[in-house]
Amino acid sequence: MPNKNTLPNKERMKIARTRMPELAPDVRNKSFEEVNLGLCAEAAKTESTRCIACSRPGCVQKCPVGVKIREVVDLVYAGDFLGAAAKLREDNSLPAITGRVCPQENQCEGGCLLGKKGESVAIGNLERFVADYERLSGQLGLPVNAPSTGKSVAIVGSGPAGLSAAGDLIQKGHRVRVFEALHEIGGVLLYGIPEFRLPKEIVRGEVENLRKMGVEFETNVVVGKSVTIDELMRDEHYDAVFVATGAGLPIFLGVPGEHLNGVYSSNEFLTRVNLMRAYKFPEYDEPVYDCRDKDVIVVGGGNTAMDAVRTAKRLGAKTATLVYRRSAQEMPARAEEVKHAREEGVQFRMLTNPLEFLGDEKGWLTGARCISMELGEPDASGRRSPVAIPGSEHVLPANMAIIGVGTTANPLIQSTTPDLATTPRRYIQADPESLRTSKRGVFAGGDIVTGSATVILAMGAGRKAAASIHEYLTTGEWETKAATKA
Amino acid sequence: MYKILEARSVGFKIKQFVIQAPRIARKQQAGQFIILRLHDRGERIPLTIKSSDPEAGTVTIAAQAIGKTTSLLNCLEAGDYIKDIVGPLGHPSEIKKFGTVAIIAGSVGTAMALPTANALRKAGNHVIFIEGARNTEMVVFEDEVRAASNETYIMTDDGSYGEKGLVTKKLNDLVAEGRKIDFVLAVGPVPMMRAVAQVTTPLGIKTMVSLNSIMVDGTGMCGGCRVLIGKNAMFACVDGPEFDASLVNFELLMQRNAMYRDKEAESLKLFEENKEKELAQIRAQFPKQEAQRA
């Protein structure tokens with residue numbers, strides 16, 4: 001390879017990690033513009049210099065889709081940005097997205113040797129740079145598809161799992177059609193993740209790439225209602241179906257007052273703002289509660305809660321407060337989002353749990369009666385479980401409350417596909433390796449199998465499913481690898 | 001894009017549309033609904049399905065112009081398009097032989113009630129249809145109502161057509177006459193459905209109401225349409241839209257349906273001031289007429 005990095009490791013480790021340029025906090029907390037501005041080519045090359053080229057790179061091992069990160073970083077160092085992008089695409093069909101939303105600190109960057117003593121290589125930022133460079137160059141390194149196999153695959157759901165499976169399957173020469181219940185392709189990437197973290201243009205661009213590769217998309221189809229899995233296979237002649245419908249129904253707290261006007265699930269709030277563009281009302285028709293100069297609380301500690309509270313701040317909330325029943329350490333949210341939220345003026349009220357929502361005589365929310373918590377023994381999740389402190393009840397003023405504490409399985413497909421086995425919690429049962437379900441030809445992956453997780457884990461499931469589907473379509477064998485009964 | 005094949009005014013601010021939507025037409029059953037979005041900047045609203053024709057691949061819907069989206073919809077004509085339609089959503093009505101059933105519908109709610117009335121009649125029930133409306137101009141689908149029922153009563157608030165009085169007056173009259181009613185379905189404005197429940201619950205008559213709460217996705221994902229049924233929070237889009245009237249918290253439904261009243265008024269006012277411009281804008285997005293087919 002030309003331009004090989006010959007700097008001694010000692011020197012490489014002296015270079016400080018490149019900082020991602022960001023919009024200033026007091027600018028961005030009033031705007032839906034993307035917070036991270038992206039690295040320039042010079043900064044990306046400098047950052048790539050820091051990589052000490054481990055022989056057994058921890059970054060690759062910790063990547064859920066096994067991106068050949070070391071080779072990508074080498075190509076960046078060599079200045080071959082398009083080559084780096086093509087290398088990325090071999091394992092990850094949505095690099096501009098994962099470069100923005102992956103929890104890198106727990107994955108690639110968490111495996112980086114540099115991180116043991118100092119700061120890891122900014123792999124996420126490099127990934128994003130490479131993908132953006134490729135997009136802006138207009139010279140897309142789209143892979144060439146294998147000759148047609150004559151087989152066709154229906155993918156149910158156009159979120160990260162569905163899209164990445166589509167990208168892999170089309171390359172194998174299968175016909176691929178993706179069905180989406182909403183009116184636009186992208187699933188959680190559109191309705192869930194806000195514009196300021198993942199601009200919708202990026203998602204549209206990646207979808208457009210898949211379309212160019214030959215993937216067909218059909219919106220406004222609720223599989224289970226508009227058509228069943230059986231009908232897709234029998235009447236529309238799909239040889240295999242991949243169910244990637246994602247996390248389903250929002251969980252509410254089940255406390256009194258949750259029906260007051262102004263109380264939202266994070267799914268509803270984010271869908272109104274992101275997918276329906278309620279922040280541009282009345283130019284866009286869909287409304288959302290006008291929280292300008294109002295007190296907003298968001299309950300939860302994950303990325304969704306973080307997205308909701310930062311969105312509320314941008315909509316003009318007087319106070320935007322994250323209420324979480326454990327301590328900051330236990331928050332599952334991405335470290336960068338927590339940092340950004342703090343900078344933007346989001347308040348954190350840790351070890352606090354709502355007991356009841358309070359309202360006025362017309363049914364509008366006025367506050368939340370909360371109780372303070374302390375950490376006790378570790379629970380099933382391995383985190384120290386929160387325990388209420390007697391006598392610590394207090395009222396937080398709130399005109400809007402957003403509940404972002406997770407989701408449960410949406411039963412639409414399970415209830416209309418009688419021979420599809422489900423888990424006790426009604427997720428779809430699938431073999432962890434082959435993602436085969438109890439029904440011949442039907443595979444499932446992503447949040448509908450695991451419960452809510454991350455974009456990259458869903459993408460990993462999509463890739464795994466694609467490989468398994470390809471094997472099934474090639475061999476026609478099912479029985480040997482049927483879903484193991486739990 | 002979903003093409004409008006027929007558009008016809010059927011009452012005061014009430015219009016019926018026949019739309020090309022083959023997937024929905026193949027699957028629709030009585031009691032289900034659709035969600036539509038008219039254009040790129042549009043909101044998603046639930047609407048009733050009046051009937052469908054699986055062979056022709058069409059569904060028939062009816063809408064009363066109340067807010068911005070329904071007002072804009074009612075400006076559309078045959079040959080125009082609807083950007084997005086998804087469905088059929090919700091559980092179908094329970095169809096079985098109850099004996100004597102009363103279908104009670106308020107104005108445009110008649111569209112939603114008709115397929116269920118037809119199916120119940122086909123299942124061997126004696127169908128009493130009570131249609132209520134403010135006045136003669138709001139009485140819709142009378143011929144179809146008569147064809148779907150064994151007995152038909154039209155009630156108007158002002159007595160300008162049929163009998164004067166509310167639907168519950170007729171229901172009470174029938175009960176007072178000693179008529180045995182085994183099942184009631186009520187579809188219409190919330191106060192009407194609540195009034196029906198107040199009559200039938202003490203009498204122990206099984207009554208279902210079709211709830212029209214505010215929805216976004218219609219697949220259970222957002223929870224915005226949650227209603228209180230007894231002590232349980234349920235989602236009208238996937239658990240309903242029909243619920244046991246004796247368990248529905250109607251006050252809460254009215255409270256939640258009022259959530260965006262100010263915004264809805266603002267949006268409607270803006271639309272009325274820019275109606276022609278807005279219409280031209282959305283028509284510019286329609287596919288070009290199929291000239292090559294001529």
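(A) Structural view of the domain arrangement of chain B. All names here are of chain B. Taken domain by domain, chain B consists of domain 1 (2-90 + 261-282) and domain 2 (100-210). One C-alpha centre belongs to domain 1, the other to domain 2; they are set 25 Å apart. Counting residues at the interface gives 16 residues for domain 1, matched by 14 residues for domain 2. The interface formed by domain 1 and domain 2 contains one salt bridge.

(B) Expanded view of helix α12 (residues 200-212) of chain A. Residue and element names in this part refer to chain A. Here α12 spans 18 Å end to end across 13 residues, near enough to the 18 Å set by a 1.5 Å rise per residue. Looking only at α12, the buried set comprises Lys200, Ile202, Val203, Glu206, Val207, Asn209 and Leu210. Looking one or two places after α12, you find Gly214, whose phi comes out positive at around 110 degrees.

(C) Highlighting the sheet that holds strand β6 (residues 81-82) of chain B. All names here are of chain B. Taken in spatial order, the seven strands line up as β6-β1-β2-β5-β4-β3-β7 in an open sheet, and their pairing is antiparallel. Unpaired on one side and paired on the other, β6 and β7 (84-89) mark the two borders of the sheet. Bridge analysis of strand β3 (residues 33-37) against strand β4 (residues 45-53) gives four bridges, and the strand direction is antiparallel. Directly across from Ile34, in β4, lies its bridge partner Leu47. Packed onto the sheet, helix α3 (residues 109-122) meets β3, β4 and β5 (58-64) and runs at close to 40 degrees relative to β4.

(D) Up close: the domain arrangement of chain A. Residue and element names in this part refer to chain A. The domain boundaries assigned to chain A delineate domain 1 (9-137), domain 2 (152-248 + 409-475) and domain 3 (250-406). Averaged C-alpha coordinates put domain 2 and domain 3 at centres separated by 30 Å. Taken together, the contact between domain 2 and domain 3 spans 14 residues of the former and 16 residues of the latter. Together, the buried faces of domain 2 and domain 3 total about 1,200 Å²; carbon and sulfur atoms form 54% of this surface. Of all residues in domain 2, the largest losses of buried area upon contact with domain 3 belong to Tyr191, Phe196 and Arg197, amounting jointly to 47% of the total for that side. Where domain 2 touches domain 3, the interface holds three salt bridges. The closest approach of N and O atoms between Arg197 and Asp307, which form a salt bridge, is 2.7 Å. At the boundary of domain 2 with domain 3, the tally comes to four residue pairs in polar contact (both at pLDDT 80 or more).

(E) Inspection of the packing of helix α10 (residues 160-171) of chain A against helix α18 (residues 455-475) of chain A at higher detail. Residue and element names in this part refer to chain A. Where α10 meets α18, the closest approach of the two axes is 7 Å, and the angle between their N-to-C directions is 35 degrees. Seen along the crossing, α10 lies across α18 with a hand that is right-handed. Two secondary-structure elements touch here, α10 through Pro160, Ala161, Ser164, Ala165, Asp168 and Leu169 and α18 through Val455, Ala458, Met459, Gly462, Arg463, Ala466, Ile469 and His470. In the contact of α10 with α18, the residues fall into nine nonpolar, three polar and two charged.

(F) Quick look at empty space enclosed by the protein. Residues and elements named next belong to chain A. In this structure the tally under the stated criterion is six cavities of 30 Å³ or more. Size it by volume and the largest cavity reaches roughly 170 Å³. Val67, Ile69, Cys108, Ile123 and Glu127 are, among the 18 residues lining the largest cavity, the residues nearest its centre. Among the secondary structure elements, those contributing two or more residues to the lining of the largest cavity are α5 (69-77) and α9 (123-137). The dominant element in the lining of the largest cavity, judged by the number of residues it contributes, is α5, at four residues. Partitioning the lining of the largest cavity into residue classes produces 13 nonpolar, four polar and one charged.

The rules behind each value
Residues numbered from 1 in each chain as written. Chains lettered and ligands numbered in written order. Predicted model: local features only at pLDDT ≥ 70, side-chain atom pairs only at ≥ 80, totals over all residues. Heavy atoms only, no water. Domains from an automatic or database assignment. Contact = heavy atoms within 4.5 Å. Salt bridge = Lys/Arg side-chain N within 4 Å of Asp/Glu carboxyl O. Helix = DSSP H or I, 4+ residues; strand = E, 2+ residues; numbered from the N terminus. Expected span 1.5 Å × (residues − 1). Buried < 20%, exposed > 50% of the residue type's maximum accessible area, 1.4 Å probe, protein only. Pairing = 2+ DSSP bridges. Axes fitted to C-alpha atoms, helices over the stretch in contact; angles between N-to-C directions. Buried area = accessible area lost by both parts, 1.4 Å probe. Polar contact = N/O pair within 3.5 Å; in protein donor to acceptor, adjacent residues only side chain to side chain. Left-handed = near helix turned anticlockwise from the far one by under 90°. Nonpolar A, V, L, I, M, F, W, Y, C, P; charged D, E, K, R; others polar. 1 Å grid on protein atoms, 1.4 Å probe; cavity = no way out; pocket = protein on both sides within 12 Å on 5 of 7 lines; lining within 4 Å. Points joined across faces, edges and corners; volume = space filled by probe spheres on them.

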